[in-house]
Amino acid sequence: MCNKSDSIAKIAAALVAFSAEVKSITHDAENPHFRSQYTSLDHMIDETKPILAKHGLSVMQFPGGDGDRITVRTMVIHNSGEWIESEPLILKPTKLDPQGAGSAITYARRYSYAAALSLSLGDDDDGNSVSQQPAQRTPQNQSRASTHAPQENSNSVTSQLISQAQINYCHKLKKEKDINDDDFGRMVVEISGKESIKDMTKKEASELINLLNSI
């Protein structure tokens, strides 16, 4: 549950106006290791900041942590003084060093920013396109392709529920990345607003897979 000012009437009206004006944000970056496309944090900010300012809105993000886990709180502020703040997104960096912490903060900021503003980032490429390319693959490429998410029909609509294959793959990544149940649950809520992975749509599952692959 988010925290908020005593009144949110003005910020709510501003967010409605913002949502009506902002368009779907295209991908601008690629993860060469997983061959997946995504929308970078900088691109999201550049695309949304002018529209936010037009409606008297601003987004502030506050990284924190305890030395083992990274937290990011995201606050949307209106020029009336009203505000809405998300619950902190908590991630465990793959490596406990400055680079690992920086990467975790960036990923947490990116997903929290998109969730706070209900941004549409398009269908993230979770790596399925690699396995759909005509091969001649080297053994190394075959091994890499086998680690990508299970393929889904490209005509799937976002209203369809997550498949069992996607659920299994998400739990496989959760185990590989050593993500505990609390952190995994927060990721599910942050991306979909739902308490259980079984209630996610296929599009939301694709976003979750992208996040897990990026950690």
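Whatever comes next refers back to the structure up there.
These remarks concern the structure in this document.

Criteria and cut-off values
- Residues numbered from 1 in each chain as written.
- Predicted model: local features only at pLDDT ≥ 70, side-chain atom pairs only at ≥ 80, totals over all residues.
- Heavy atoms only, no water.
- Helix = DSSP H or I, 4+ residues; strand = E, 2+ residues; numbered from the N terminus.
- Buried < 20%, exposed > 50% of the residue type's maximum accessible area, 1.4 Å probe, protein only.
- Areas by Shrake-Rupley, 256 points an atom, 1.4 Å probe, with all protein chains shown as cover.
- Pairing = 2+ DSSP bridges.

Considering the overall build of the chain
Here is step 1: Looking only at helices and strands, one finds eight helices and seven strands in the chain.
Here is step 2: Across the 215 residues in the chain, those meeting the buried criterion constitute 41%.
Here is step 3: Carbon together with sulfur atoms contributes 50% to the accessible area of the chain, which is approximately 11600 Å² in total.

Some thoughts on the pairing of strand 5 (residues 70-78)
Here is step 1: As defined by bridge partners, strand 4 (residues 57-65) adjoins strand 5 across nine bridges and the pair is classed as antiparallel. Considered in strand 5, the bridge of Ser58 is made with Ile77.
Here is step 2: As consecutive antiparallel partners, strand 4 and strand 5 are separated by four residues, and within that stretch Gly67 has a phi angle of approximately 95°, a positive value.
Here is step 3: Note: strand 5 against strand 7 (residues 89-91), three bridges, orientation antiparallel. Among the inter-strand pairings, Ile70 is bridged to a residue of strand 7, identified as Leu91.
Here is step 4: Of the strand pairs in this sheet, strand 5 and strand 6 (residues 83-85) are connected by three bridges, and their pairing is antiparallel. Bridging from a neighbouring strand, Met75 pairs with Glu85 of strand 6.
Here is step 5: Counting the residues between successive antiparallel strands, the hairpin from strand 5 to strand 6 contains four residues, one of them, Gly81, with a positive phi of roughly 100°.

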